[in-house]
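Structural overview
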Amino acid sequence: MTRKILFIIALVCSAIIMSFRHEDNAYTRFNPHLRSQLTDSLFEGSNGYFASSGKCDHCHGLDAAGIASVDMEGGDVNLVDDWRSTMMANSARDPFWRAKVSHEVFINPEHQVELESTCTRCHAPLGNYAAILTGAEHYSMAEMLLDSVALDGVSCLACHQRSPENLSGHTGQMHFASSLVAYGQYPDPLVTPMALYSGYTPEYGAHIAQAEICGSCHSLITNTVDLSGQLTGDEFVEQATWHEWLNSSYSEQGTTCQTCHMPSLGEQGVILAAGYDTPPRTPFSLHTLVGGNVLMLGIFRDNAESLGLTATPDHFQSTINATVQNLQQQSLQLEVSELNRDADTARVSVKLTNITGHKLPSGYPARRMVLKVAAFDENGNELWSSGKYTSDFRVEGEDETFEPHHQVITEEDQCQIYEMVMGDVNGDVTTILERGYVHLKDNRLVPEGFSFSDEMYDTTEVVLGIPDEDFNHDPLEGSGTDVVYYHIPTDGYTGPVSITAEVHYQSIPPRWLDEMFADSTPEIESFEAMYNAADKSPVLMRAADITLLEYVGIGQGNAALSSVVRAVGSRLWCEVPHTSTISIYSSNGQLLHREKKVTGSRYISPNSLGMVLVVVESDNKREIFRVVLR
């Protein structure tokens with residue numbers, strides 16, 4: 001086709017698309033839901049360096065004719081509607097983010113200029129970088145509020161105008177193409193229609209599919225200040241999702257951020273824009289961009305009008321559903337196993353396996369997972385529980401400062417919480433981001449392939465506070481697992497015991513907001529009202545259960561010793577309450593190891609893999625354990 005013919009086609013298609021967007025169009029008149037989508041208020045403008053999403057919506061939004069942006073079943077997969085209800089699309093209007101920035105400024109007002117300029121790099125990049133490219137040294141929240149392009153959040157060109165040069169960075173350090181170009185994942189793009197309509201020239205860019213393009217904002221290193229607001233010269237790793245990915249097997253396998261957060265339709269070809277002579281493109285990546293923040297998506301949905309958001313309740317609910325599915329099906333595996341039981345105690349292990357390419361949870365330091373374990377008798381009456389929530393979604397029994405990491409849990413007021421806890425220069429817990437100085441705790445599950453000797457470990461350190469040799473070892477380093485051992489008192493009940501384990505996700509737990517809600521700014525008060533009205537229920541990620549059979553004693557003269565024997569990879573961990581003889585046999589009865597052990601615990605290496613029998617004897621008392629070594 002000649003350039004003139006292509007120009008005419010482009011004009012005709014634009015007119016057709018605009019006719020569908022007119023509120024009196026017959027198609028929309030009889031489709032009220034569609035009409036609300038087509039007559040929305042996506043801003044269509046430019047600040048000289050970047051165009052807003054409204055420019056892209058005309059060709060990459062909903063196609064009322066059902067030709068472009070549909071999958072093989074005819075389902076709508078348009079990029080704009082997938083994106084518009086995500087955390088990224090609404091990053092500049094996020095009321096929690098605005099409240100947190102205002103709180104940081106409230107604490108250290110002399111840092112306002114630098115704080116706001118740094119925070120808007122990632123939450124309002126098109127406004128921030130347009131100002132910087134124009135010669136400004138900083139960019140403020142006040143400027144953002146008057147900048148319609150900035151309020152588009154992490155909009156289309158925040159990614160698609162990124163330069164392939166100097167792609168790596170952190171704390172919002174990004175580089176953009178100097179010309180009006182939009183990079184995409186498909187070679188040989190059709191240039192003329194897009195260039196004529198939007199002014200942007202589409203180009204193939206392999207870097208669009210690389211994890212580095214996400215790393216610029218999903219790795220955040222801050223400068224530490226003391227309690228008087230003075231810089232200490234230290235740096236603090238607040239977020240390191242990209243670095244966590246680098247310290248994993250996912251980076252070696254080529255599984256990038258986009259693989260999971262922008263899932264591909266595989267071999268399904270999708271027409272990108274109706275009316276143009278281009279074949280269906282494959283693979284087509286959905287722009288769902290889901291993570292785990294169900295709470296904030298619900299706040300967006302319920303306050304869309306006051307926040308000035310363009311997505312409909314249906315859009316937000318679709319993203320919420322996809323986020324829950326991501327947490328429940330693509331994040332974690334959970335397994336409960338029986339260890340042993342006596343007249344007074346049931347012992348089980350709970351194994352968690354991270355199946356993401358970064359720590360779990362990752363990102364903003366408020367995120368956490370709570371492991372709840374409960375035991376019930378044969379009539380369903382609760383015997384014991386750990387990790388229960390209160391009515392305001394705090395954890396019962398949680399330590400006043402922070403809950404330590406546990407390897408063994410024996411009391412109801414002990415609970416395993418996977419989280420990162422920030423400490424200030426005095427070693428006290430803080431949620432003031434600028435005061436972050438040390439990780440007091442970071443027991444978040446690491447990804448498969450994570451190594452404590454990796455060059456990225458300085459930004460991805462694990463802080464458990466106690467020895468825990470099976471954390472990320474099953475049996476070798478890099479398993480991405482943790483095992484927690486529960487000694488559950490049954491107080492003489494010997495009937496069957498049902499034990500359930502549940503993992504719950506909280507994106508913004510109440511105690512993380514206490515410090516901010518103690519102060520007052522208009523932004524804090526606005527968010528607090530929205531938060532108080534929101535559904536703050538933690539998201540159930542995974543559940544598993546096991547039933548322990550009725551305990552039958554073996555007589556007074558041969559009572560159980562209440563020893564504990566478990567496998568830790570290729571070794572045995574043995575705990576005995578009395579001086580005992582420990583004998584280890586292979587599955588065919590061969591004696592592998594024998595020793596006398598005084599009261600206490602220790603590791604034993606029998607130099608054999610597979611199932612072994614462990615016999616613990618003391619004063620005519622005997623216990624037998626079957627254990628699998630790997």
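Here's a quick rundown of the structure. (Residues numbered from 1 in each chain as written. Predicted model: local features only at pLDDT ≥ 70, side-chain atom pairs only at ≥ 80, totals over all residues. Heavy atoms only, no water.)

1. Concerning the side chain of Thr256
With respect to the secondary-structure elements, Thr256 resides in the loop between α14 (249-253) and α15 (257-261). Looking at Thr256, its side chain comes within polar contact range of the side chain of Gln258, at 3.1 Å. (Helix = DSSP H or I, 4+ residues; strand = E, 2+ residues; numbered from the N terminus. Polar contact = N/O pair within 3.5 Å; in protein donor to acceptor, adjacent residues only side chain to side chain.)

2. Description of the nonpolar core
In terms of nonpolar packing, the biggest core is built from 61 residues, with Val350, Leu352, Leu371, Val373, Tyr486, Ile499 and Phe527 touching the most fellow members. If you tally residues by element for this core, the top one is helix α16 (residues 294-302), at six residues. Excluding anything up to four places from it in sequence, Val373 contacts Val350, Trp384, Ser385, Ser386, Tyr486, Ile488, Ile499, Thr500 and Ala501. (Core = buried A, V, L, I, M, F, W, Y, C linked by side-chain atoms within 4.5 Å. Buried < 20%, exposed > 50% of the residue type's maximum accessible area, 1.4 Å probe, protein only. Contact = heavy atoms within 4.5 Å.)

3. Describing the state of the cysteines
As enumerated under the stated definition, the model contains one disulfide in all. The structure places no disulfide on Cys56, whose sulfur is separated from the nearest cysteine sulfur, that of Cys156, by 3.7 Å. (Disulfide = S-S within 2.5 Å.)

4. Here's the deal with the packing of aromatic side chains
Applying the stated criterion across every chain, the model contains 13 aromatic pairs. Here the aromatic rings of Trp384 and Tyr486 are separated by 6.2 Å at their centres, their planes lie at 80°, and the arrangement is edge-to-face. With a gap of 102 residues between them, Trp384 in strand β8 (residues 382-386) and Tyr486 in strand β12 (residues 481-489) connect regions that are remote in the sequence. Connected via pairs of aromatic rings, a cluster forms that spans Phe96, Tyr364, Trp512, Phe517, Phe527 and Tyr531. Stacked on the ring of Trp573, the Lys or Arg Arg566 has its end atom at 4.1 Å from the ring centre. Against the face of Tyr603 rests Arg571, its NZ or CZ located 4.1 Å from the ring centre. (Phe/Tyr/Trp six-rings, centres within 6.5 Å; stacked < 30°, edge-to-face > 60°. Lys NZ or Arg CZ within 6 Å of the ring centre and 35° of its normal.)

5. Quick word on the sheet that holds strand β9 (residues 408-409)
The sheet built from four strands is open, its strands ordered β5-β6-β12-β9 with mixed pairing. Only two strands of the sheet have a single partner each, and these edge strands are β5 (332-341) and β9. (Pairing = 2+ DSSP bridges.)

6. Considering helix α4 (residues 53-60)
By the burial criterion, the buried members of α4 are Ser53, Gly54, Asp57 and His58. End-on view of α4: buried residues confined to an arc of 150°, all on one side of the axis. (Arc of directions from axis to C-beta.)

7. Things to note about unusual backbone geometry
The step from Thr282 to Pro283 runs through a cis peptide bond, and the omega angle for that step is -5°. Note on placement: Pro283 falls in the loop between α15 and α16. The step from Leu360 to Pro361 runs through a cis peptide bond, and the omega angle for that step is -5°. Along the polypeptide, Pro361 turns up in the loop between β6 (345-354) and β7 (368-376). A positive phi angle is found at Asp188, which is not glycine, with a value near 55°. Among the secondary structure elements, Asp188 is positioned in the loop between β1 (181-184) and α11 (192-198). We classify Asp188 as exposed; its relative accessible area is 69%. Positive phi, normally seen in glycine, also occurs at Asp491, with a value near 50°.

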